[in-house]
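Summary of structural features
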Amino acid sequence: MNSGVAIYPGSFDPITKGHTNIIERGLELFEHLIVAVAVNSSKKTIFSVEERLEQLRDMFADNDRVIVDSFTDCLLVDYAKQRKAHAILRGLRTVSDYEYEFQMAHANRHLAPDIDTIFMMTESKYSHLSSTLIKEIVRYGGACHEMLDPQIEQHLKNKMK
Ligand code: PNS
């Protein structure tokens, strides 16, 4: 299968190797992936939307099947409709992700019955990763090169200075 357009939404504050793994695998299923920086009202972010967009654009500059964008003042499903995407891609790491993702997928399906959420299990070597945890590791000088792209690690270190 390799069809259509899917949205891969997230806070990406910052993007981790767990996210990039989902993007790489998502490209096996979809012709184009729109990696969309979005606002999660329950999270306080360290990078602005513009900074996150710039980081993602640099990262996927050579891949014309990855479109980097953001939406900040509408629902995900409305954004998906605008972009003519027929699926939302999300990674699942642990059982604790499940409840939140379950609620979100059902709410989105209720709002837009023609858009499906597709879940991918995060590769086990990345299943313990979260942007929140990584920010804490970097803040206290821990090594995180196995979790982050080197450029993103540098951005994070600069931000924490
Ligand atoms: O990376 P995250 O923080 O888990 O991503 C969550 C995100 C940004 C995808 C979610 O909060 C979202 O879709 N926000 C946009 C507003 C919206 O549609 N909210 C209702 C979701 S049911």
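The paragraphs below set out a description of the structure included in this document. (Residues numbered from 1 in each chain as written. Predicted model: local features only at pLDDT ≥ 70, side-chain atom pairs only at ≥ 80, totals over all residues. Heavy atoms only, no water.)

**Digging into the site of the ligand**
Among the 15 residues in the neighbourhood of the ligand, the closest are listed as Ser11, Asn40, Lys43, Leu76 and Arg90. Arginine 90 places a polar side-chain atom, nitrogen or oxygen, 2.9 Å from an oxygen atom of the ligand. For the ligand, whose unbound accessible area comes to 550 Å², protein coverage reaches 81%. Elements with a contribution of two residues or more to the shell around the ligand: β1 (5-10) and α4 (95-111). Among the elements that make up the shell around the ligand, the one with the highest residue count is α4 (4 residues). Each residue belonging to the shell around the ligand can be placed in one class, and the counts come to 9 nonpolar, 4 polar and 2 charged. (Near = heavy atom within 4 Å. Polar contact = N/O pair within 3.5 Å; in protein donor to acceptor, adjacent residues only side chain to side chain. Areas by Shrake-Rupley, 256 points an atom, 1.4 Å probe, with all protein chains shown as cover. Helix = DSSP H or I, 4+ residues; strand = E, 2+ residues; numbered from the N terminus. Nonpolar A, V, L, I, M, F, W, Y, C, P; charged D, E, K, R; others polar.)

**Points about the sheet that holds β1**
Overall, parallel pairing links the 5 strands, which are arranged β3-β2-β1-β4-β5 in an open sheet. For this open sheet the edge positions go to β3 (66-71) and β5 (116-121), each flanked by a neighbour on one side alone. If you compare each strand with its neighbour and ignore which way they point, the axes differ by 30° on average. Two strands pair when backbone bridges link them, and strand β2 (residues 32-38) and β3 are joined in this way by 6 bridges, in the parallel orientation. Note on β3: the bridge partner recorded for valine 35 is valine 68. The sheet contacts of helix α1 (residues 17-29) involve β1, β2, β3, β4 (87-92) and β5, and relative to β5 the element is tilted by about 120°. Contacting β2 and β3, helix α2 (residues 49-59) runs over the sheet at an angle of about 175° to β3. (Pairing = 2+ DSSP bridges. Axes fitted to C-alpha atoms, helices over the stretch in contact; angles between N-to-C directions. Contact = heavy atoms within 4.5 Å.)

**Side note on the environment of tyrosine 79**
Looking at where tyrosine 79 falls in the secondary structure, it is placed in helix α3 (residues 76-82). Sequence separation between tyrosine 79 and isoleucine 22 is 57 residues; the distance between their C-alpha atoms is 20 Å. Every residue in contact with tyrosine 79, bar those within four places of it in the chain, is listed here: Ile7, Ile34, Ala36, Asp69, Ser70, Phe71 and Cys74.

**Some details on helix α5 (residues 131-139)**
Structural remark: α-helix, 3.6 residues per turn; residues separated by three or four positions point the same way. Here α5 has its buried residues at Ser131, Ile134, Lys135 and Val138. Buried residues along α5 cover an arc of 105° about the axis, so they all sit on one side. Directly beyond the C-terminal end of α5, a positive phi value near 80° is found at glycine 141. (Buried < 20%, exposed > 50% of the residue type's maximum accessible area, 1.4 Å probe, protein only. Arc of directions from axis to C-beta.)

These values are about where atoms sit, not about what they do.
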